[in-house]
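Residue-level listing of the chains:
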Amino acid sequence: MYAYTKVTRSPLGLNSYRCVWTTTGVEVDIAEVHATALDATGVIVAGVGESQWALPTPCDDWDVRTLVNHIVTGNEWAAELAGGKSIEEVGDRLDGDVLGDDALVAYNESARRAAAAFRAPGALVAPCAVSYGPVPGEVYAGHRLLDTLLHGWDVAKATNQPTNLDPSLVKAALAVLIPQADLLAGSGAFGTSTDPGEDADPQVRLLALTGRRD
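First, a word on what this report is: a plain description of the structure on this page. (Residues numbered from 1 in each chain as written. Predicted model: local features only at pLDDT ≥ 70, side-chain atom pairs only at ≥ 80, totals over all residues. Heavy atoms only, no water.)

1. As for the pattern of salt bridges
And step 1. On inspection of all chains with the given rule, the structure shows nine salt bridges.
And step 2. Residue Glu-109 is joined to Arg-112 by a salt bridge in which the shortest nitrogen-to-oxygen separation is 2.9 Å. Here Arg-112 and Glu-109 lie together in helix α4 (residues 103-119), a separation of three residues that amounts to about one turn.
And step 3. Judged by relative accessible area, which is 33%, Glu-109 ranks as partly exposed.
And step 4. Residue classification places Arg-112 among the partly exposed residues on the basis of a relative accessible area of 48%.
And step 5. Three or more residues joined by partner-sharing salt bridges are found here, namely Glu-76, Glu-109, Arg-112 and Arg-113. (Salt bridge = Lys/Arg side-chain N within 4 Å of Asp/Glu carboxyl O. Helix = DSSP H or I, 4+ residues; strand = E, 2+ residues; numbered from the N terminus. Buried < 20%, exposed > 50% of the residue type's maximum accessible area, 1.4 Å probe, protein only.)

See below:
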């Protein structure tokens, strides 16, 4: 499904890894793409108006605040698990509302910690003790990329913001998703998926594969 390539003279440092998804032939520097997706979704969270937090979203039963809380919680879990903690060590610390009085501050802080965790030396090859794992950090980072990018789109859709995603992020997300599409769909992570075909616009295809429509 994937293979690691160590980058010996990378501007990201000597311990940077890229991953090649062998079924798509796409090389993804997953830690950096994940960080870029965090930044992109941060712009969308910053665009949520004061009166929009209770609006419904494309995610059933989740309003905007609940969805942003889910994203932030996911970021905080990523920071902990990619940092070497176990689920048992984290315990119930991240249960419930983690946004507090300022959702944007909570998002930005969680994004900073999550990005740093996957950028840390060796993090992409170290095992992460996720509920469906352990899996290499690189695999978990790919899943976090999907979650962050797609839920950012959900928030944008719910709050009438532009929903056009960065094409480079869409390309990376498809590279992560396609080899695992059946597995991820079966996990209940997405709605009912359709595949409009390889010739479809990449964003349209990404959304369709994850049960969304633009």
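2. Remarks on the packing of helix α1 (residues 30-46) against helix α5 (residues 137-158)
And step 1. Closest axis-to-axis distance for the α1/α5 pair is 9 Å, and the angle between their directions is 20°. The pairing of α1 with α5 is recorded here as roughly parallel in orientation. For the crossing formed where α1 meets α5, the hand is left-handed. Mapping the contact onto sequence places Ile-30, Val-33, His-34, Ala-37, Leu-38, Thr-41 and Ile-44 in α1 and Glu-138, Ala-141, Gly-142, Arg-144, Leu-145, Thr-148, Leu-149, Gly-152, Val-155 and Ala-156 in α5.
And step 2. When its residues are assigned to classes, the contact of α1 with α5 shows 10 nonpolar, five polar and two charged. (Axes fitted to C-alpha atoms, helices over the stretch in contact; angles between N-to-C directions. Parallel < 35°, antiparallel > 145°, perpendicular 65-115°, else oblique. Left-handed = near helix turned anticlockwise from the far one by under 90°. Contact = heavy atoms within 4.5 Å. Nonpolar A, V, L, I, M, F, W, Y, C, P; charged D, E, K, R; others polar.)

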